[in-house]
Structures are given as C-alpha cells and as structure tokens.
Amino acid sequence: MSETRQRDDIVSLAKSLFDRGLTFGSSGNISLRLEDGWLMTPTGSSLGDLDPARISKLDSEGRHVSGDAPTKEAFLHGAMYDRRPNAGAIVHLHATHSVAVSCLHDIDPANVLPPLTAYYVMRIGTLPLIPYFAPGDLDLARAVREMASDHHAVLLANHGPVVAGTSLRDAVHATEELEETAKLFLAVHGMKTRPLTPEQVADLRRRHPVRT
Ligand SMILES: [Zn+2]
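Residues numbered from 1 in each chain as written. Predicted model: local features only at pLDDT ≥ 70, side-chain atom pairs only at ≥ 80, totals over all residues. Heavy atoms only, no water.

1. Considering the overall build of the protein chain
Counting secondary structure elements, the protein chain contains seven helices and eight strands. Taken against the 2.2 N^0.38 rule, which gives 17 Å for 212 residues, the C-alpha radius of gyration of the protein chain at 17 Å falls within 12% of a compact globule. Taken over 212 residues, the protein chain has a buried fraction of 48%. A separation threshold of at least 6 residues defines the contact pool for the protein chain, and within that pool the share at least 24 residues apart is 66%. Counting only carbon and sulfur atoms, one obtains 52% of the accessible surface of the protein chain, whose full area is about 10400 Å². Across the protein chain, the 22 positively charged side chains and the 26 negatively charged ones have centroids separated by 4 Å. (Helix = DSSP H or I, 4+ residues; strand = E, 2+ residues; numbered from the N terminus. Rg over C-alpha atoms; globule rule 2.2 N^0.38 Å. Buried < 20%, exposed > 50% of the residue type's maximum accessible area, 1.4 Å probe, protein only. Contact = heavy atoms within 4.5 Å. Areas by Shrake-Rupley, 256 points an atom, 1.4 Å probe, with all protein chains shown as cover. Lys, Arg positive; Asp, Glu negative; His and termini not counted. Charge placed at Lys NZ, Arg CZ, Asp CG, Glu CD.)

Written out as structure tokens, the structure is:
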C-alpha cells in the first residue's frame, strides 16, 4: 500500500472514531509502521479533522523527519512497537467506557475485563492494567514496555487503552471491541453474570490465536 493511501486511511479511520464519540477534543492518537519508520498523528490535532499532508513522519530511529510534530504520547507507541515486531499499527484513545473501567476499584490488574463474548477473547484476550502515571512521565513507557511482550492491548489506569494490530484496521477494530466490551461490562456490573468458562476461552485461543 502506498504511503499516500496509508495517510488517507489514518485520516478516514480517525474521523470515523471521532464521529462516533470514541475520542474527543485533541485526545487520542494513531500510528502506523512504514518500511522506513512510522506515521503518527500530530500533537494537538483532532482525530476528527486530520490533514494527511501534516501527519508526522518519523524515521526508523524515531526521529521526526516531516509533517507536524508527533503526539506527545509517541513514547507509548514506541514502547509497544519495541516489543512487538509484528505490530503494524497502534491506536490509543481516551474512550469513555474503557477509561471508566480503568478507574474501578475492584478490577483484576492482571486481566481487567472478564471474557464476556467470544469476539472480545479473539480480538483482545487478556488486558492488563498499567498503573497510573502523570501525562508525559517516561516511567509509563517503561511500564508499557514490560507488558507489551505478552500483550498487544493494555489499559492505562485512569487514562485509556493502547492497542496494537497487524494493520491499522485490525488495531481500530480491536480498540472498538475493547470499548464495546467495557460498555457491556459496566451494563452488567453488579449483576450475576455468566462469562465464558476457562474451557471455552482455551478453545477460542486454540482456534483463533492472536497474531499481532
Ligand atoms: Zn492518552
């Protein structure tokens, strides 16, 4: 796929996320791996109104080479790519229901959401909670890097999800699945629920191993 097409894909998928309320203001950022570096949404930009020509381009060392300056959360993406050589794209949002779950007191930090549906198990699997760090604190990158070898999706406490995919569409769809499952979890929270059994989860993992 040409870089022009990849830039257009970032713009249209970002606008779709914004138009459906999955991100707001200038929050959220997207990156995509190129053969010789990365494309990344610029700092201060709205995902609803990106200009393909102004998307940041970084070289293979992570240095800014063209376009506007990259998102201040570029280090989150870098930490994930560092440990996931097959990741082709990463989406990070402050999506409301995912953030709400990340603020709950009684969640399991090793795996935040129960396996409510097969699609959640297939697209996300397990979701560890990364402890809270102030915006820009580079210890957050260290914490993400520690988890990223074993998980293509993590949830930052009181902040939001970071999700890698083999392609941009894959990363967007997995982020949407996470947000919808967070919404579902909040809808049934406190009710007697019947998540998938460990046997059902193991069966799904055999049939649909996560490739990211
Ligand atoms: Zn963020």
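2. Some thoughts on the packing of helix α2 (residues 74-83) against helix α5 (residues 139-148)
Running from amino to carboxyl end, α2 crosses α5 at an angle of 25°, the nearest separation of the two axes being 8 Å. Judged by the inter-axis angle, α2 sits roughly parallel to α5. In the crossing of α2 with α5, the sense of the turn from one axis to the other is right-handed. Packed against α2, whose contacting residues are Phe75, Leu76, Ala79, Met80, Asp82 and Arg83, the element α5 presents Leu140, Ala141, Val144, Arg145 and Ala148 at the interface. (Axes fitted to C-alpha atoms, helices over the stretch in contact; angles between N-to-C directions. Parallel < 35°, antiparallel > 145°, perpendicular 65-115°, else oblique. Left-handed = near helix turned anticlockwise from the far one by under 90°.)

3. Brief notes about the UniProt feature "domain: Class II aldolase/adducin N-terminal" (unreviewed entry) in the protein chain
As annotated in UniProt, the feature "domain: Class II aldolase/adducin N-terminal" (unreviewed entry) corresponds to residues 8-186 in the numbering used here. Annotated as residues 8-186, this span is 36% helix and 18% strand, and its ends, taken at the C-alpha atoms, are 34 Å apart. (UniProt positions renumbered as here; feature names shortened; annotations may be inferred.)

4. Observations concerning the sheet that holds strand β8 (residues 160-165)
Taken together, the eight strands give an open sheet; going across it, the order is β4-β3-β2-β1-β5-β8-β7-β6, and neighbouring strands pair in mixed fashion. The outermost strands of the open sheet, each flanked by one partner alone, are β4 (64-66) and β6 (129-130). Bridging between strand β7 (residues 153-156) and β8 involves four bridges; their strand directions are antiparallel. By the bridge assignment, leucine 156 is partnered in β8 with glycine 160. Helix α6 (residues 168-188) contacts β1 (29-34), β5 (89-92) and β8 of the sheet and is inclined by roughly 145° relative to β8. (Pairing = 2+ DSSP bridges.)

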